[in-house]
Amino acid sequence: MSVTTSSTTPTGSYPLTITGTSGTLSHTASVTLIVTAAATPNFTLSASPSSQTVTQGASTSYTVTITPSGGFTGV
């Protein structure tokens, strides 16, 4: 058995009763479906090193790391 929710399914706890029958036989199982809010797409940034010293007129570099979360796919 598969249960699919949509983006408009309200969050919450839903008690479900599953019933199986075969001829005159019948059995049930109780389950709970808990719908949580979808993850919000987001990202974090980190830079390394945390500090650089540079002489006037010179240049330096930092390594920047982007870590996506919650399904973030932006550029």
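Residues numbered from 1 in each chain as written. Predicted model: local features only at pLDDT ≥ 70, side-chain atom pairs only at ≥ 80, totals over all residues. Heavy atoms only, no water.

Colleague: It is not clear to me how the overall build of the protein should be interpreted in this structure. Could you clarify?
Modeller: On a plain count of helices and strands, the protein comes out with zero helices and four strands. When the elements of the protein are put in sequence order from the N terminus, they spell out β-β-β-β. Taken against the 2.2 N^0.38 rule, which gives 11 Å for 75 residues, the C-alpha radius of gyration of the protein at 26 Å runs more than 25% over that of a compact globule. Dimensions along the principal axes, computed over C-alpha positions, put the protein at roughly 90 × 20 × 20 Å. Here the analysis covers contacts within the protein between residues at least 6 apart in sequence; of these, 31% occur between residues at least 24 apart. Surface accessibility of the protein: about 6,500 Å² in total, with carbon and sulfur atoms responsible for 55%. (Helix = DSSP H or I, 4+ residues; strand = E, 2+ residues; numbered from the N terminus. Rg over C-alpha atoms; globule rule 2.2 N^0.38 Å. Contact = heavy atoms within 4.5 Å. Areas by Shrake-Rupley, 256 points an atom, 1.4 Å probe, with all protein chains shown as cover.)

Colleague: What should I look at first to understand the packing of aromatic side chains in this one?
Modeller: The way to describe two aromatic rings as a pair is by their centre distance and the angle between their planes. Taken as a whole, this structure holds one aromatic pair when the rule is applied. Ring geometry for Phe43 versus Phe72: centroids 4.9 Å apart, planes at 45°, classification tilted. Linking Phe43 in strand 3 (residues 42-48) with Phe72 in the segment after strand 4 (63-69), this pair joins segments that are 29 residues apart in sequence. Given a relative accessible area of 38%, Phe43 falls into the partly exposed group. (Phe/Tyr/Trp six-rings, centres within 6.5 Å; stacked < 30°, edge-to-face > 60°. Buried < 20%, exposed > 50% of the residue type's maximum accessible area, 1.4 Å probe, protein only.)

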